[in-house]
Amino acid sequence: MLTVSARSLNVLAALVWYVGGIVLLLKGGSLLAEAIALRPGLVWPWVAVGGGLLAGGLKARFLFSKSCKKNLARIAALERPRIWQFFRPGFFVALTAMILAGATLSRLAHDRYAFLLGVAALDLALAVALLGSSVVYWREKAFARRASPAVHGG
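The text that follows walks through the structure, step by step, so that each part is easy to find. Because the structure is predicted, anything quoted here is derived from the model rather than measured.

What to know about the side chain of Ser65
By the element assignment, Ser65 lies in helix 2 (residues 44-77). The class of Ser65 is buried, set by a relative accessible area of 13%. Discounting chain neighbours no more than four positions away, the residues touching Ser65 are Lys59, Ala60, Ser133 and Val136.

Next comes the structure, spelled out in structure tokens:
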């Protein structure tokens, strides 16, 4: 009943990681563009970008990479992986809450310069953390096919 390979779960987990990072990168860029349109010529958007990149890099290195490794280890330990097990159930609840919170913050930020910059910096930090930590999927060989044991004649 919907049993899949660990490799398939790893691919799904990585796909969610990449899609989330790309969506947040685009959303953060859009909010920055709106802030720049409100008050052109100021340095604050660049401060928000720099802060987002720095915070995102730190999150990628010290937090998100560890989460990826733990999830890959959890997937590898599953005896009969099911299609929905690419993340723990609690992750899906948290992801839903984060998406709703992010959408609400973005909606509230419109036409508010400082709020736009803050939400953009947050989005960029999360995007960089997701995209930066995604290298774990490649380093850990999460996508590698497992070699089948050699059959010896006997």
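On we go.
With respect to the packing of helix 3 (residues 89-109) against helix 4 (residues 113-133)
Remark: helix 3 packs on helix 4, axes separated minimally by 8 Å, with the N-to-C direction vectors making an angle of 150°. The angle between the axes of helix 3 and helix 4 places the two elements in the roughly antiparallel class. Here the hand of the crossing between helix 3 and helix 4 comes out left-handed. Mapping the contact onto sequence places Leu105, Ser106, Leu108 and Ala109 in helix 3 and Phe115, Leu116, Val119, Leu122 and Asp123 in helix 4. Of the residues belonging to the contact of helix 3 with helix 4, the class tally is seven nonpolar, one polar and one charged.

Some points on the nonpolar core
Counting residues in each nonpolar core, the largest one holds 18 residues, and the members touching the most others are Trp17, Phe87 and Tyr137. Those elements that provide at least two residues to this core are helix 1 (6-38), helix 2, helix 4 and helix 5 (135-139). It is helix 1 that contributes the most residues to this core, six residues altogether. Counting residues in hydrophobic clusters, the runner-up holds 13 residues, among them Val49, Tyr113, Leu117 and Ala120.

So, how was this worked out
Residue indices begin from 1 for each chain and proceed along its sequence in written order. For a predicted model such as this one, the threshold for reporting local features is a pLDDT of at least 70, and the threshold for listing and counting side-chain atom pairs is 80 or more; totals across whole chains, interfaces and linings nevertheless cover every residue. Side-chain metrics rest on all non-hydrogen atoms present in the structure, leaving aside hydrogens and water. Every helix listed is a DSSP run of H or I at least four residues long, and every strand listed is a run of E at least two residues long, numbered separately from the N terminus. For the exposure calls, accessible area comes from a 1.4 Å probe over protein chains only, and a residue counts as buried if that area is under 20% of its type's maximum, exposed if over 50%, partly exposed in between. The criterion used for residue contact is that any of the two residues' heavy atoms lie within 4.5 Å. Under this scheme, a helix contributes an axis fitted over its contacting stretch, all axes are lines through C-alpha atoms, and angles between N-to-C directions fall in the 0 to 180 degree range. Oblique is the label for any angle not under 35 degrees, not over 145, and not in the 65 to 115 range, which are roughly parallel, roughly antiparallel and roughly perpendicular in turn. Handedness of a helix crossing follows the sense of rotation of the near helix relative to the far helix, less than a right angle counterclockwise being left-handed and clockwise being right-handed. Under the scheme applied here, ten amino acids are nonpolar (Ala, Val, Leu, Ile, Met, Phe, Trp, Tyr, Cys and Pro), four are charged (Asp, Glu, Lys and Arg), and all others, including Gly, are polar. We call a set of buried residues a nonpolar core when its members are Ala, Val, Leu, Ile, Met, Phe, Trp, Tyr or Cys and they connect through side-chain atoms within 4.5 Å of each other.

Remember, this is a structural readout, not a statement about activity or role.
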